[in-house]
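# Observations on the three-dimensional arrangement
If you want the building blocks of each chain, they are given just below.
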Amino acid sequence: MTARLASALTRTLAEAARLLPADKRPWAEALQAETDQIPAGGPRLVWLAGGFWLIAKESGMARRIGYWVGIAGMGAAAAWVVWLSWRAAGPADPESVTDRVRVLVGAGALAALPWVARGRSLFGPVADSGVARLVRIGGCAAICAMGLGVVRADRHGGINGIIGSGKVSWLREAAGLAVLIGAFAVPLVLRARRPQSEPGGYWMLVVAGVFAAFVLVPMQAFAVGVAALIFAATSRRSPVTAASWTVGLIASLPTAVAACALPFVLGNLFSAMFIVALVAAVSGGCAGAVAARLVPEAVSPDELRAARTREGAQAGAIAGTIGGLAAAAFSPILGEMMILGMLAGLAGGALVASVTAHLRARSTTADLSALQPELR
Amino acid sequence: MAPRVKFSAQTLVVLRALVAEPSRWRHGYDLASETGLKSGSLYPILVRLADRELVDARWEEEQPAGRPRRHLYRLTDHGMAAASAALAAQPGAAPAPARAAVRRLAGESS
């Protein structure tokens, strides 16, 4: 039975190898050429299964399927949130109309940002790391969940008067959205017209535009800013290393748990947010220390010190941002935690990593002094 | 100086097997038996290493009796240098700061 199955798989593998580009086909043939040497039965079937995995991987099929499943999943989630928003509220309620705008802006950001600047891959293809993929998918899901939270809050008449109530200024909403779109569009237009100009100037424009939009339309700016941050940090061009992602992701758990539990335990939103920021700073600091220690040795001590501080700051910021994002996805009244968590985590991570880098640099200098007599 | 290249743990296992006998041409099943890796892990690693010109790959020149020709692999000079550097940087060889210090001092004294 297994012999017949192995024979069928071998024939199928030979056919499937045609999916590979011509320069990769010899690898599938190589694997197939070894099949007869493998002990019959289970080991041979496992060997052949590895051949199918090789073909799926090298033909880019696994990546393409994952990409389109991800896109379809995000599209379905965004469409569901938009549908809920439309279905729930009465047409006379102006607040529900702005919520629809907010939800559409969030979903639009998820769809448009990977497309914007795709030539430079700024927000483009995801980095070749499982954690980066997980963070990108989880981040998009969290933004969809925030939209759902806004809609739900509006359906139940608001949360403590913060969301789902109050008067709407159409002028402010329109101006805020125009500034937000301009923040991303104007630098692209300027860059196309004046390619020799300094890119720093464009970024200053983006920062100023996003800040102005944040003052006018905080929820929309939050959603677009965080979506941009997630796409940029998880793209192939991102300087964030797999180690920083892993450490930051693990260290984000205490912040996320504290942010979800403390508002209910304490009953006071502002005290809870203060304590959550402290938790983010401490866990960001722990992440910074671990990430700094994971940096491989460098030729120059100054380079090593700078790399350790940079990695620590990245890991701390990741821990705080993911923790804050989880809190915001849990309840829209914790939306500020996205920014607060990121800043607290960044500060904690940078501070502790900097101290760790200096302490380790001093211990290396001590090593050097101890080794000098031996080398003479 | 050897190039500083980052490798996954599984790639390091393959490199360790190839470094052990650098002049010998190895085949896939031979490497899989030695490293304990499944074909689905081993072959993508070999593809990456060959793409980066760290491994040379060729088919057996003569048709052996009773079995198909095998695809054979061994490290290039560049691959040997990169693999040696990566394996030396593994924990257990020596504490990393001390090694860096020794290298710097050796460079200064020469």
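For the structure, see preceding data.
Residues numbered from 1 in each chain as written. Chains lettered and ligands numbered in written order. Predicted model: local features only at pLDDT ≥ 70, side-chain atom pairs only at ≥ 80, totals over all residues. Heavy atoms only, no water.

With that settled, the discussion passes to the overall build of chain A. Per the secondary structure count, chain A includes 13 helices and zero strands. Traced from its N-terminal end to its C-terminal end, chain A shows the element sequence α-α-α-α-α-α-α-α-α-α-α-α-α. Out of the 376 residues in chain A, the part that is buried amounts to 44%. Taking the intrachain contacts of chain A between residues at least 6 apart in sequence as the baseline, contacts between residues at least 24 apart amount to 75%. Within the structure as shown, chain A displays about 19100 Å² of accessible surface, and the carbon and sulfur contribution to it stands at 69%. (Helix = DSSP H or I, 4+ residues; strand = E, 2+ residues; numbered from the N terminus. Buried < 20%, exposed > 50% of the residue type's maximum accessible area, 1.4 Å probe, protein only. Contact = heavy atoms within 4.5 Å. Areas by Shrake-Rupley, 256 points an atom, 1.4 Å probe, with all protein chains shown as cover.)

Turning next to the overall build of chain B. Each helix and strand in chain B was counted, giving five helices and three strands. Counting from the amino terminus, helix and strand elements in chain B follow one another as α-β-α-α-β-β-α-α. A total of 110 residues make up chain B; the buried ones form 42% of that total. When contacts within chain B are restricted to residue pairs at least 6 apart in sequence, long-range pairs at least 24 apart make up 57% of them. Per element, the accessible surface of chain B, about 5800 Å² overall, is 52% carbon and sulfur.

Moving on, we come to empty space enclosed by the protein. Residue and element names in this part refer to chain A. By the definition in use, this model includes three cavities of 30 Å³ or more. Roughly 160 Å³ of internal volume is contained in the second largest cavity. Contributing to the lining of the second largest cavity are 15 residues, with R102, V103, G106, I143 and G147 lying nearest its centre. Breaking the lining of the second largest cavity down by element, the ones donating at least two residues are α4 (61-88), α5 (94-112), α6 (130-155) and α9 (218-234). Residues belonging to the lining of the second largest cavity are distributed by class as follows: eleven nonpolar, three polar and one charged. (1 Å grid on protein atoms, 1.4 Å probe; cavity = no way out; pocket = protein on both sides within 12 Å on 5 of 7 lines; lining within 4 Å. Points joined across faces, edges and corners; volume = space filled by probe spheres on them. Nonpolar A, V, L, I, M, F, W, Y, C, P; charged D, E, K, R; others polar.)

All names here are of chain B. At a minimum axis separation of 10 Å, helix α1 (residues 9-20) and helix α4 (residues 77-88) run at an interaxial angle of 120°. Here α1 and α4 pass one another in a crossing that is left-handed. Across the interface between the two elements, L12, L15, R16 and V19 from α1 touch M80, A83, A86 and L87 from α4. In the contact of α1 with α4, the residues fall into seven nonpolar, no polar and one charged. (Axes fitted to C-alpha atoms, helices over the stretch in contact; angles between N-to-C directions. Left-handed = near helix turned anticlockwise from the far one by under 90°.)

What follows concerns unusual backbone geometry. For E53(B), which is not glycine, the phi torsion reads 60° and is therefore positive. Relative to the helices and strands, E53(B) is located in the loop between α3 (39-51) and β2 (55-59).

Overall, the coordinates contain three aromatic pairs over all chains when judged by the stated rule. With a centroid separation of 5.6 Å and an interplanar angle of 5°, the aromatic rings of W27(A) and Y73(B) are classed as stacked. Of this pair, W27(A) sits in helix α2 (residues 25-33) while Y73(B) sits in strand β3 (residues 71-75), each in a different chain. No difference in accessibility class separates W27(A) from Y73(B), as the two residues are buried. Cluster of aromatic residues (ring-pair linked, three or more members): W47(A), Y29(B) and Y43(B). Cation over ring: R58(B) sits above W25(B), and NZ or CZ is 4.5 Å from the ring centre. (Phe/Tyr/Trp six-rings, centres within 6.5 Å; stacked < 30°, edge-to-face > 60°. Lys NZ or Arg CZ within 6 Å of the ring centre and 35° of its normal.)

Here the focus is the nonpolar core. W27(A), F7(B), V14(B), L42(B), Y43(B), L49(B) and Y73(B) are the most contacted members of the largest nonpolar core, which has 39 residues in total. Breaking this core down by element, the ones donating at least two residues are α1 (2-16), α2 and α3 (42-58) of chain A together with α1, α2 (28-35), α3, β3 and α4 of chain B. In terms of residues, this core owes the most to one element, α3(B), which gives seven residues. Counting residues in each nonpolar core, the second largest holds 27 residues, with V105(A), A107(A), V226(A) and A228(A) among its members. (Core = buried A, V, L, I, M, F, W, Y, C linked by side-chain atoms within 4.5 Å.)

Here we take up the pattern of salt bridges. All names here are of chain A. Tallying each qualifying case throughout the model produces twelve salt bridges over all chains. Close ionic contact of R18 with E15 constitutes a salt bridge, the shortest N to O distance being 3.7 Å. The partner of D302 in a salt bridge is R305, and the shortest N-O contact between them spans 2.7 Å. You can see D302 and its partner R305 sitting in helix α12 (residues 301-330), three residues apart, about one turn around the helix. (Salt bridge = Lys/Arg side-chain N within 4 Å of Asp/Glu carboxyl O.)

Moving on, we come to the pairing of β3(B). Residues and elements named next belong to chain B. Burial analysis of β3 places four of its five residues in the buried class, the great majority of the element. Here strand β1 (residues 26-27) runs beside β3; their pairing, made up of two bridges, is antiparallel. For H27, the partnering residue across the bridge sits in β3 and is L72. The pairing of β2 with β3 spans five bridges and is antiparallel. Directly across from V55, in β3, lies its bridge partner L75. (Pairing = 2+ DSSP bridges.)

Attention shifts here to the sheet that holds β1(B). Strands in a sheet are paired, the pairing made by backbone hydrogen bonds, and the direction either parallel or antiparallel. Across the sheet, three strands lie side by side as β1-β3-β2 (chain B); this open sheet has antiparallel pairing. The open sheet terminates on both sides in strands that have one partner only, identified here as β1 and β2 of chain B.

Before going further, it helps to spend a moment on the packing of helix α10 (residues 242-266) of chain A against helix α11 (residues 269-294) of chain A. Two quantities define a packed helix pair, namely the angle between the helix axes and the distance between the axes. Residue and element names in this part refer to chain A. For the pair α10 and α11, the least separation of the axes is 9 Å and the interaxial angle reads 165°. On the basis of their axis angle, the class for α10 and α11 is roughly antiparallel. The element α10 and its partner α11 pack so that their crossing is right-handed. Taken together, the residues of α11 that come into contact with α10 (itself represented by A243, V247, A251, P254, T255, A258, A259, L262, P263 and L266) are S271, A272, I275, V276, V279, A280, S283, A287, V290, A291 and L294. (Parallel < 35°, antiparallel > 145°, perpendicular 65-115°, else oblique.)

Moving on, we get to a nonpolar patch on the surface. Residues and elements named next belong to chain A. Residues V265, L266, F274, I275 and L278 make up a contiguous nonpolar surface patch of roughly 480 Å² in combined accessible area. Going through the elements one at a time, α10 and α11 are the ones with two or more residues in the nonpolar patch. Tallying contributions element by element places α11 first for the nonpolar patch, with three residues. (Patch = residues over 30% accessible without salt bridge, like charges linked within 9 Å, V, L, I, M, F, W, Y side chains within 5 Å.)

Looking now at the side chain of H71(B). Residues and elements named next belong to chain B. Locating H71 in the fold gives a position in strand β3. On the basis of relative accessible area, H71 is assigned to the buried category, the value being 5%. For H71, the side chain forms a polar contact with the side chain of Y73, separated by 3.0 Å. (Polar contact = N/O pair within 3.5 Å; in protein donor to acceptor, adjacent residues only side chain to side chain.)

It is worth stressing that arrangement in space is one thing and function is another; only the former is reported here.
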